[in-house]
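Overview (structure and organization)
Read off the chains here:
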Amino acid sequence: MGTISWDEFKAFAQSFLTVSDEINDGWAWQGDQDQLAGAFIAKKIKQLLRKQRSLPAEDETDPFEDTSCQTEDNHIAEELNGSQQECTWEYHILYSPSYATPVLFFNVFTSDGHLVPLESLWKGGTQGALQHLRWEALSQQEHPVLRRPYYYLHPCKTAELLNLHQGSSTNPIVTWLSSMGPAIGLHLDIAYGHLVQNQR
C-alpha cells in the first residue's frame, strides 16, 4: 500500500541511523520515541549559498534574490568575489500519522542566523527542481514536535512513490529520501544502498 506504521518507521529509521553511525554521517534521534510521531531523526550540514549571475540595483539589499545552494565539493571554481556565503541546512525526518509515511522538514539559515526565504529555495536552493510545483510540494508549517515554523516537502505523493518500490526495497525511508532529498540539497551516501536491496 505504500504506507508504514509508527513502529515500522522507528525500525527503518534505526537501520538508517546504524549506517549513519558507521560512516559518521551525523544523523541522530531527537524527541520521545514512546509517543506516536513524537520523535524524528535529524542532521545539520553546511553548504555554500551562491548567487545567480544577475545584476541587482546598487541599493538592493536582499542577499537571497536568485540564489542557490550547492555543496563545497561541487561548487563552481570560477566564483565571483563575494558571490558565496556559508549556510546551514537542518533536516528532520518525521513520521506523518495522517499519511502514514515519512515526511521531511527542514530550515536553511545564513551564517548570521537569518532564515533563507522560501522564494529563494524555489528559484535557486533546489536548483529549480521544485519551482514548477511551488506550493503543491514545498511549503511552510509548524513543526509537529518542535512547534516552530519549518519548510517541508508535502507527503501527499509519498505513498505513491513507496508503492512503486514495494517489493523491491527493504527500507522505504532510504528509497523515499534518495528520490526527494536531492531536490533540496540532501544527497545520501552510497553506503545506505544496501538497506534498499531486497534479499530473497
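Residues numbered from 1 in each chain as written. Predicted model: local features only at pLDDT ≥ 70, side-chain atom pairs only at ≥ 80, totals over all residues. Heavy atoms only, no water.

Going by what an unreviewed UniProt entry lists, the chain is known as Ubiquitin-like-conjugating enzyme ATG10 and is assigned to Thrips palmi. UniProt, in the comment section headed Sequence similarities (unreviewed entry), describes the chain in these words: "Belongs to the ATG10 family." (UniProt positions renumbered as here; feature names shortened; annotations may be inferred.)

In this section: the overall build of the chain. Regarding its fold elements, the chain presents four helices and seven strands. Going from the N terminus to the C terminus, the chain shows its helices and strands as α-β-β-β-β-β-α-β-β-α-α. Considering only residue pairs separated by 6 or more positions, the chain has 59% of its internal contacts joining residues 24 or more positions apart. Summed over all atoms, the accessible surface of the chain reaches about 10800 Å², with 48% contributed by carbon and sulfur. (Helix = DSSP H or I, 4+ residues; strand = E, 2+ residues; numbered from the N terminus. Contact = heavy atoms within 4.5 Å. Areas by Shrake-Rupley, 256 points an atom, 1.4 Å probe, with all protein chains shown as cover.)

In this section: the environment of L104. You can see L104 is positioned in strand β5 (residues 101-110). L104 sits 73 residues away from L177 along the chain, and the two C-alpha atoms are 8.4 Å apart. Setting aside its immediate chain neighbours within four residues, L104 contacts Y91, H92, I93, Y151, Y152, L153, W176, L177, I184 and L186.

A word on helix α4 (residues 172-180). P172, I173, V174, T175, W176 and L177 are the residues of α4 that are buried. Where α4 begins, the capping side chain belongs to N171, and its oxygen is found 3.1 Å from the backbone nitrogen of I173. (Buried < 20%, exposed > 50% of the residue type's maximum accessible area, 1.4 Å probe, protein only. Polar contact = N/O pair within 3.5 Å; in protein donor to acceptor, adjacent residues only side chain to side chain.)

We now examine the pattern of salt bridges. Between side chains of opposite charge, pairing is possible as soon as their charged atoms come close. Overall, the coordinates contain three salt bridges when judged by the stated rule. A salt bridge links D7 to K10, with the nearest nitrogen and oxygen atoms 3.6 Å apart. Here D7 and its partner K10 are both found in helix α1 (residues 6-23), three residues apart, which amounts to about one turn of the helix. Using a relative accessible area of 19% as the deciding quantity, one classes K10 as buried. Residues R147 and E142 are paired through a salt bridge, measuring 3.2 Å at the closest nitrogen-oxygen approach. (Salt bridge = Lys/Arg side-chain N within 4 Å of Asp/Glu carboxyl O.)

Right, let's get into the pairing of strand β7 (residues 149-153). Where burial is concerned, most of β7 is hidden: four out of the five residues are buried. Of the pairings in the sheet, the one linking β5 to β7 comprises three bridges and is antiparallel in character. Paired with F106 across the strands is Y151, a residue of β7. When strand β6 (residues 138-142) meets β7, the two strands line up antiparallel, connected through five bridges. Its bridge partner being in β7, L138 is matched across the sheet by L153. (Pairing = 2+ DSSP bridges.)

On the secondary structure map, T158 appears in helix α3 (residues 158-164). A residue is classified by how much of its surface remains accessible, and T158, at 5% relative accessible area, is buried. With residues near it in sequence (within four places) discarded, T158 still touches T101, P102 and W176.

By the element assignment, H92 lies in strand β4 (residues 84-96). Looking at H92, its side chain comes within polar contact range of the side chain of E90, at 3.0 Å.

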